[in-house]
Amino acid sequence: MADNKALLSVEELKVYFRSEDEVARAVDGVSFDVGREETVCLVGESGCGKTVTALSVMGLVPIPPGEIAGGKILFRAKNLLDFNDSDMQKVRGNQIAMIFQEPLTSLNPVFTIGDQIGEAIQIHQTATQSEVVERSQQLLKDVGIADPAQRLRDYPHQLSGGQRQRVMIAMALACDPDLVIADEPTTALDVTVQAQILRLLDTIQKMRSMSVLYITHDLGVVSKIADRICVMYAGIIAEQGNKDAVLKTPKHPYTQALLASLPNREKRGQRLYSIPGTVPNPAYKPDGCPFHPRCQHTIQNCSEQYPGMCDYGDGHHARCPVLFEGGKGNWCD
Amino acid sequence: MISFIGRSIVQKIITLFFVSIVSFLIIHLAPGEPSQVDPMNPKFTREMVERFRTEFHLDKPLYRQYLYFFRDLFSGKTISWKDNQPVFKKIWERFLNSLPLFIVGTILTWTISFPVGIRSAIFRGGIYDRSSTFFAYLLISIPGFFFAYILIIFVVNQFHVPVIGMETFGIGDTAWMNRAMDRIWHLLLPSLLGATGGIAVLSRYVRSQMLEVEGQDYVRTAKAKGLTPDQVHYKHALRNALLPFVTMFGLILPGLIGGSVIIESIFAWPGMGRMAYEAILARDYPIILTLNFVSAVLVLIGTFISDLLYLVVDPRIRL
Amino acid sequence: MQNTETDAQDIQLDAPLAPKRTRLEEFWRLFRKNKLAIAGMVFFILFFFLAIAGFGLTRGDNPLLDPAMVRLQDKLRPPLAKPNLERLQANEIPRLGVYIFGTDDLGRDVFARMLQGSWVSLTVGFVAVGIAVLIGIFLGGIAGYYGNRHIRVGQLLAAAFFIVGALLLVGKLIWSGSALLIGGAGCIFISILMKKAAKAKTKSAGTRFWYFNTISIDTVVMRFVDIMLCFPSFFLILTVVALLPASIYNIMIVIGLTSWMGTTRFVRAEFLSLREQDFVAAARALGLSNFRIIFRHMVPNAVAPVLVSATIGIATAILTEAGLSFLGFGVPPPHATWGNILSDGQRFIFDAPWLTFVPGIAILIVVLSFNLFGEGLRDVLNPKLRERN
Ligand SMILES: Nc1ncnc2c1ncn2[C@@H]1O[C@H](COP(=O)(O)OP(=O)(O)O)[C@@H](O)[C@H]1O
Ligand SMILES: [Mg+2]
C-alpha cells in the first residue's frame, strides 16, 4: 500500500499499553496514507485508538506504559519511529503540528498568548523579537481573532473556548507545517463555534496547501471536509476510501451502522438506529473480527478468523470478507 | 482588591481575639498554680503568696485578669513572673539566638527539597525516585531526638567536634577564624535536624505537584511544539507547579517563633523553644501567653501574605 | 427499547469484555503494585498482633514476661545476654532464659518492657486518633451538610448566654453566671413562643429580628478550625499536658483534642462534593431524614479518606508521645512506653546503646510502616493519581 507520493504513510502500526496484568492493544495494525494537500478524516467511536494513533505520529505516546509494538510511520519516506529525540523535536511543530481536543486545558495558564505563540515560532526559526511579535499578530489575524495586538498580551483564561481553539490553530500554523493533525478540535465547543472553526481549518488548508489529518467521531463533520475517510474500530481500520465511496457505498457493517445511526432528512419521524453493545475494552478484545459481537452480518467465521482487507478499487478497502462479492473475501488466520 | 484586603484583615483580627480567649482559658482553667503562688511551695510564706496573687491580679475575676493581661501586653509592660524581666526583652534575646537556626534550616529545606522533588517527578518510578521516596518517609518517621543522638554520636566520633551549645566552652580567646568555624559547627547539626522533617515533607509535596502538572494537557501541547524536554519540564511544567509554593513563603513566618523544643533541649541551645519549655515548667503565664499570641499573629500574617502572593503570581485570580 | 432482539443480544455481547471486578478486587489490584505500601501493611498487621500479644504477656500479677521486675544484679546487660543464674532468686529468673534486648539500669528486661510499650503506644495512637476522627467527622459533617444554613439571632443569643454563663460559673462568679444561664433558657423559651407565632402570615418586627440570619454554620466551624490552627501544635500539646496531672489518658485526650482540624477540613470537602451527587439527591427526594442520609449514605462514602488520614495520624501520635516522653511529660511510670524507654536510655547512650537503639528503631519501623501504608492507601484511593503509573 506504500504510496511513494504520500506525505505521511502509516503502515501496520501497533501501539500497546502494558500494565502489570494486562495489555491494552489500543492500536492494533493500522495502515493509512495522507497525501499532499489532502484532508484525511479518521473516524471512530471514542476509545477506538484515534488519539493514540495521532500521538504516535507526533512521537508523544507516553512510554512506558505505552510501547510501539510494530509498524512504520513514514513521513516524506523517512520512518519517524527511527528518529532519535532531537530529530523528532525538529519535526514536531515544524513539519507536523497538532491541535488538541481540549482548548480549555491545552494552553498554559501562566503564560500569555503572545509568549506561547512566539515560543512556537522561535523554537524552529531564528527571528528577532519584533519579527516574532509581527508574525504572531499576523497568525492571529489569519485565524480570525480581532485586535491581535491586545490578545497577545492576554492570558488564556481571558479568552472564550472558540478563541482559544483559534489560538491553538495559530500556534500549530506558526512554522508552516506540512501536516496538521487536528484531534477532535471542535468536540468541546458549541455547535455554532464548531462550524466556524471547521470553516477556518478548511480555508487555511486551501490557503497554505497543507495536508490535514482530521480526527473526529462525528460523521456529519466528515462529510463537510474530508477528501478521504478512514473508519477505525477497536484499534484497526475497518474501512477506508474516498469520501463519496465510503459515505455512499459503505462496505463494512460498522460503517453502515454508523451511517444508519446518523440523523438526516429522509429518516425524519423514524426512530434512530443505534449500534447495540459498546466498544470492547482494548485489553479484552474478542477473537476474530473485533466488531463481530455487535454485527448484524455475523457468520461462524467472524468469531474464529481475522478478516482480511477487501479491495473495492480506487483506494476503497473494507475489512469485511462477508460482504465482499457474496462472502468470497479472504481471511487471515 | 482593597475590599479583599480589608475583609481579610477584619477576619484575622476576629480570629486573633478568639485565639487570645482560648489560650487564656486553657492556661487559667487547667488545675494547678504558678510556682510563685503555689501554697505547697516551701520557699514562700503565706503572706508572700498573697502579695504575689495581688500583684499578678490572680485574685481578680478571670475576665479582669484577661483585660489586665492584654492591657499590659499592648503597652509592652508585661513582665515574667519568674524573674520580673520584661517579656518582650526576654523573647527578643532568645529570638536572636533562634534566628540563625531558623535561617540556616529554612535555606537547607528549600534548597534541598526542590531539586530532589523535581528530579523524582521527572524520573518517576525510577531508582532515584523510589529511593528518595523511601528516604523521605524514613526522615518523616524517625523520632527527632533519636535521629539527633545518632548524628551526635556520628559527628563526635568521626570529627571529634563538640556540638552541644552555641559555642565550645572557653573558646572566647582564640582567633576569630576558629570561633567562626566553631559557631558554624555548632549551628550545622541542630539546623540540619530541624530541617529534616521539612525537607522530607516539602520534597514529597514538590514531587506530587510536579507530577500533577506533568499530566496536564498544556504540557503535551508544549511537547507538540517541539520544545526540548528541559524546556518542557523547567519552563512549562515547573512554572505551574511552583504556584502553590510561592504562597508557602508566607507560611514560613510562624516558624520564626516556633523553635523546636526538643532540638534546642538536646543541643542545649538557648532559643525560643527552650524558653517556652522553661516557662511551661514554671507556669510563667505571661511568657506562655505572649509567645502564643505572637505566634498566632505570625500565623495570621503568614496566611495573609500567602493569599496576597497568590493574587500576584496566578494570572487567573483577579478580584 | 428500539427492538427486542438486540436487547436480548446485549447479554451475550458482554461476554468478551473485561472481567468484572468488585471494588475490593480493583483496590487490591492497584494496591499490590506498591511494594512499599505492602511492606507497610505487613508491619502494620504484625505490630497490631505484637501489641495484643504484649498486652497479654505482660499483664496480671505474675505475667509471663515481667516488665517491672527489678534485678539490680543484672543491670545494663547487653542484648542476648544470659541471666546471671547464681545471683538471681528463683522467681527473678526471666522465663525466656535470655535477655533478648538486654536489660536497663534497673535490670529490667527491655524485651518485656518493649512488649508492654507496644500496647501502650498502640492504645495512645488509636484512642487519640479515634477522638480526633470523631470530632473531625462530626464538625466536618455539620459544616459540609448544613453549611449554608444560618444561625439566627435568637439561637446566637441563647448560645452566647449559655457559654458566657458557664464560663462565669467556672470563674467562680455564681450569681452572674446563673443569671446568664437563666437568660439563655429564656431565649429558648422565647424561640418556642415565636415558633407558634411564626405560623401567622404577617410577622412582627420582633419576630423578624429574632429570625434574622447571622453567620452560617460553615463559617462558624471553619473559623474554629482556623483558630485552632493558630496554635503551634506541639507547643499547645506540651503546654496542656504539662499543666494537667500526668496520666496516660490525659495524653491520649490532649493529642486527640488538638489534631482533629485536618479531618474536619476534608470531611467537609468530601461532604460538599457528595451533597451535589445524584444518590444523595435521590435519597432526599425519597424523603429520607437528614440523619439517615448523613449516616447511611454520606459517611460511608467519606470514610476511605478518613481512614487514610487516621493511619498517618496514628503514626504522628506515636511520635508525639515519644517526644513528650523525651521532655519528661510522657506516660508516667509504671507504664513502659517506647518513648520513655528511649528517653531513660539516653543517659547511657555510650555505655548501653541498645537502650536507645532498640526503642528508637522500633518506633522508626512502626511509624514508617504506618506512613507507607497510609500513603499507599491514599494513592490507590485518589482517582487522579490512579490514571498514571
Ligand atoms: N496513557 C495511557 N495509558 C494506558 N492506556 C491508554 C493510554 N492512552 C490511551 N490508552 C488506551 O488506548 C485506548 C484508545 O484511546 P484513545 O486513542 O484516546 O481513543 P480515542 O479514539 O477516543 O481518541 C483507550 O481505550 C485506552 O485504554
Ligand atoms: Mg481521543
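What counts, and at which threshold
Numbers given for residues are sequential positions, taken from 1 along each chain in its written order. Each chain takes a letter, starting from A, and each ligand takes a number, starting from 1, following the order in which they are written. Whole-chain, interface and lining totals are the exception, using all residues; otherwise, since this is a predicted model, local features are given only for residues with pLDDT of at least 70 and side-chain atom pairs are given and counted only at 80 or more. Heavy atoms from the whole structure form the basis of all side-chain values; hydrogens and water molecules are not counted. Only DSSP runs of H or I reaching four residues or more are called helices, and only runs of E reaching two or more are called strands; each is numbered from the N terminus. For each residue, the accessible area found with a 1.4 Å probe, counting protein chains only, is set against the maximum for its type, and the residue is called buried under 20%, exposed over 50%, and partly exposed in between. Note on definitions: a residue-residue contact is assigned when non-hydrogen atoms from the two residues lie within 4.5 Å. To be clear on the numbers: accessible area is Shrake-Rupley with a 1.4 Å probe, and residue cover counts the displayed protein chains and nothing else. Following DSSP output, two strands are said to pair if at least two bridges run between them. To estimate how far a helix should reach, multiply one less than its number of residues by 1.5 Å. In this entry, domain limits derive from an automatic or database-based domain assignment. Here the quantity called buried area is the accessible surface, traced with a 1.4 Å probe, that two parts lose on coming together, added over both. We call Asp, Glu, Lys and Arg charged. Ala, Val, Leu, Ile, Met, Phe, Trp, Tyr, Cys and Pro are nonpolar, and the rest, Gly among them, are polar. Each polar contact in these results corresponds to two N or O atoms within 3.5 Å; when the atoms are within protein, one needs to be able to donate a hydrogen and the other to accept it, and residues that are neighboring in sequence are counted only if both atoms are side-chain atoms. Pairing of aromatic rings covers Phe, Tyr and the six-membered ring of Trp, with a centre-to-centre limit of 6.5 Å; geometry is then stacked below 30 degrees between planes, edge-to-face above 60, and tilted otherwise. Placement of a positive charge over a ring is assigned whenever Lys NZ or Arg CZ falls within 6 Å of the ring centre and within 35 degrees of the normal to the ring plane. Looking at any residue, its pLDDT shows the predictor's confidence there, from 0 to 100. Note on definitions: salt bridges are taken to be side-chain nitrogens of Lys or Arg within 4 Å of carboxyl oxygens of Asp or Glu. Here the positive residues are Lys and Arg and the negative ones are Asp and Glu; neither His nor the chain ends is included. Only the stretch in contact is used when a helix axis is fitted, and all axes are lines through C-alpha atoms; the angle between N-to-C directions ranges over 0 to 180 degrees.

Colleague: Talk me through the overall build of chain C; I want residue IDs and the actual numbers.
Modeller: From N to C terminus, chain C includes 16 helices and two strands. The buried share of chain C, reckoned over its 389 residues, is 42%. In chain C, the proportion of contacts linking residues at least 24 apart, taken out of those at least 6 apart, comes to 68%. Carbon and sulfur atoms form 67% of the exposed surface of chain C, whose accessible area is close to 20,300 Å².

Colleague: Describe unusual backbone geometry, and please don't skip the residues or the numbers.
Modeller: Negative phi values dominate among residues other than glycine, just as trans dominates among peptide bonds. The backbone of A:Asp147 shows a phi angle near 55°, a positive value even though the residue is not glycine. Considering the arrangement of structural elements, one finds A:Asp147 in the loop between α5 (129-142) and α6 (148-152). Non-glycine residue B:Arg283 carries a positive phi angle of around 50°. With respect to the secondary-structure elements, B:Arg283 resides in the loop between α12 (272-282) and α13 (285-313).

Colleague: Give me the lowdown on the sheet that holds strand β5 (residues 78-79) of chain A, citing residues and values where you can.
Modeller: All names here are of chain A. Taken in spatial order, the four strands make up an open sheet running β2-β1-β4-β5, and their pairing is antiparallel. For this open sheet the edge positions go to β2 (22-34) and β5, each flanked by a neighbour on one side alone. Bridge count for strand β1 (residues 8-19) against β2 is 10 bridges, and the pairing is antiparallel. Within β2, the residue paired with Tyr16 across the bridge is Arg25.

Colleague: A description of helix α8 (residues 217-229) of chain C should follow, citing residues and the corresponding values.
Modeller: Between its first and last C-alpha atoms α8(C) spans 18 Å; for 13 residues at 1.5 Å apiece the expected length is 18 Å, and the two agree. When we look at burial in α8(C), the residues that qualify are C:Asp218, C:Val221, C:Met222, C:Val225, C:Ile227 and C:Met228.

Colleague: Can you break down the domain arrangement of chain B residue by residue, with the values?
Modeller: All names here are of chain B. Taken domain by domain, chain B holds domain 1 (2-75) and domain 2 (93-313). A separation of 33 Å is found between the C-alpha centroids of domain 1 and domain 2. Contacts between the two partners involve 23 residues from domain 1, matched on the other side by 17 residues from domain 2. When the two sides are added together, the surface that domain 1 and domain 2 hide from each other amounts to roughly 1,700 Å², 79% of it contributed by carbon and sulfur. Ranking the residues of domain 1 by area buried against domain 2 places Lys12, Leu16 and Ile27 at the top, with a combined share of 31%. No other element matches the 13 residues that helix α1 (residues 2-29) contributes to the side of domain 1 that touches domain 2. Of the residues in the side of domain 1 that touches domain 2, the class split is 13 nonpolar, eight polar and two charged.

Colleague: Tell me about the interface of chain B and chain C, and name the residues and values.
Modeller: Bring the parts together and some accessible area is lost; that lost area is often taken as the interface size. Contacts between the two partners involve 46 residues from chain B, matched on the other side by 44 residues from chain C. Of the roughly 4,100 Å² buried between chain B and chain C, counting both surfaces, carbon and sulfur atoms make up 82%. For the pair chain B and chain C, the interface holds six residue pairs in polar contact (both at pLDDT 80 or more). Of all elements in the fold, only α1, α5 (127-141), α6 (144-159), α7 (176-214), α11 (261-266), α12 and α13 of chain B reach the threshold of two or more residues within the side of chain B that touches chain C. Taken together, the residues of the side of chain B that touches chain C break down into 35 nonpolar, nine polar and two charged.

Colleague: So what's going on with the packing of aromatic side chains? Which residues, and what values?
Modeller: Applying the stated rule across the entire model yields 31 aromatic pairs over all chains. Ring geometry for B:Trp92 versus B:Phe95: centroids 5.4 Å apart, planes at 25°, classification stacked. Pair noted here: B:Trp92 and B:Phe95 are both in helix α4 (residues 87-122), with a separation of three residues, about one helical turn. Aromatic pair C:Phe47 and C:Trp338: ring centres 5.6 Å apart, planes at 65°, arrangement edge-to-face. Here the residue C:Phe47 occupies a position in helix α3 (residues 35-58), and C:Trp338 occupies one in helix α14 (residues 338-345), the gap between them amounting to 291 residues. Across this residue pair, the class does not change: C:Phe47 and C:Trp338 are buried. In textbook terms, an aromatic cluster arises when at least three aromatic residues are bridged by ring pairs, as seen for C:Trp28, C:Phe31, C:Phe44, C:Phe47, C:Trp338, C:Phe370 and C:Phe373. In this structure, B:Arg119 is placed above the aromatic ring of B:Tyr128, and the distance from its NZ or CZ to the ring centre is 4.5 Å. Positioned over the ring face of A:Phe111 is B:Lys235, at 5.4 Å from the centre of the ring.

Colleague: Tell me about the confidence of the model for chain C, residues and numbers included.
Modeller: Residue and element names in this part refer to chain C. In the predicted model, chain C carries a mean pLDDT of 78, and the fraction of residues at 70 or more is 86%. Confidence over residues 1-16 falls short of pLDDT 50; this stretch has 16 contacts with residues more than four positions distant or in other chains. Long-range and interchain partners of residues 385-389, a stretch whose pLDDT sits below 50, account for seven contacts in this model, where long-range means more than four residues apart. Across the interfaces of the predicted complex, the ipTM metric reaches 0.85, alongside a pTM of 0.82.

Colleague: Please set out the environment of B:Pro315 residue by residue, giving values where relevant.
Modeller: Among the structural elements, B:Pro315 can be located in the segment after α13. Given a relative accessible area of 6%, B:Pro315 falls into the buried group. For B:Pro315, the residues in contact, after removing those within four places along its chain, are A:Pro109, A:Val110, A:Tyr155 and A:His157.

Colleague: Give me helix α7 (residues 161-173) of chain A: which residues, what numbers.
Modeller: Residues and elements named next belong to chain A. Taking 1.5 Å per residue as the helical rise, α7 with its 13 residues ought to reach 18 Å, and the 18 Å between its terminal C-alpha atoms agrees with that figure. Most of α7 is tucked away, with 11 of its 13 residues classed as buried. For α7, every residue scored as buried is listed here: Gly162, Arg164, Gln165, Arg166, Val167, Met168, Ile169, Ala170, Met171, Ala172 and Leu173.

Colleague: I'd like a rundown of the interface of chain B and chain A, residues and numbers included.
Modeller: Taken together, the 18 residues of chain B in the interface contact 24 residues of chain A. Carbon and sulfur atoms make up 61% of the surface buried where chain B meets chain A, a total of about 2,100 Å² over both sides. The tally of links between chain B and chain A comes to two salt bridges. In this structure, B:Lys225 engages A:Glu119 in a salt bridge whose closest nitrogen and oxygen atoms are separated by 2.7 Å. The tally of links between chain B and chain A comes to 11 residue pairs in polar contact (both at pLDDT 80 or more). When residues of the side of chain B that touches chain A are traced back to their parent elements, those giving at least two are α8 (217-224) and α9 (229-252) of chain B.

Colleague: With reference to specific residues and values, describe the side chain of B:Lys12.
Modeller: Residue placement: B:Lys12 occurs in helix α1. For B:Lys12, which is buried and forms no salt bridge, the nearest opposite charge comes from B:Asp307, at a distance of 4.0 Å.

Colleague: Got a sec to walk through the pairing of β2(A)? Specific residues and values, please.
Modeller: On a regular strand, one side chain projects to one face of the sheet and the next to the other, so that they alternate. Counting buried residues along β2(A), 11 of its 13 residues qualify, which places the element largely inside the surrounding structure. Linking β1(A) to β2(A), which pair antiparallel, is a turn of two residues.

Colleague: Summarise the sheet that holds strand β12 (residues 317-318) of chain A; cite the residues concerned and give the values.
Modeller: All names here are of chain A. Read from one edge of the open sheet, eight strands run β6-β7-β8-β3-β9-β10-β12-β11, paired in mixed fashion. The open sheet is flanked by β6 (96-99) and β11 (310-311), the only strands paired with a single partner. In this sheet, strand β9 (residues 228-233) lies alongside strand β3 (residues 39-43) in parallel orientation, the contact comprising four bridges. Its bridge partner lying in β9, Leu42 is registered against Cys230. Set on the sheet, α7 makes contact with β6 and β7 (179-183); between it and β6 the angle comes to about 175°.

Colleague: Got a sec to walk through the pattern of salt bridges? Specific residues and values, please.
Modeller: All names here are of chain A. Within this structure, the stated rule accounts for 23 salt bridges over all chains. Of the charged contacts, one joins Glu45 and Arg294 as a salt bridge, the two residues approaching to 3.3 Å between their closest N and O atoms. Here the residue Glu45 occupies a position in the loop between β3 and α1 (50-58), and Arg294 occupies one in the loop between α11 (253-260) and β11, the gap between them amounting to 249 residues. Of the residues examined, Arg294 reaches a relative accessible area of 5% and is grouped as buried. Residues participating in the shared-partner salt-bridge network are Arg25, Asp28 and Lys285.

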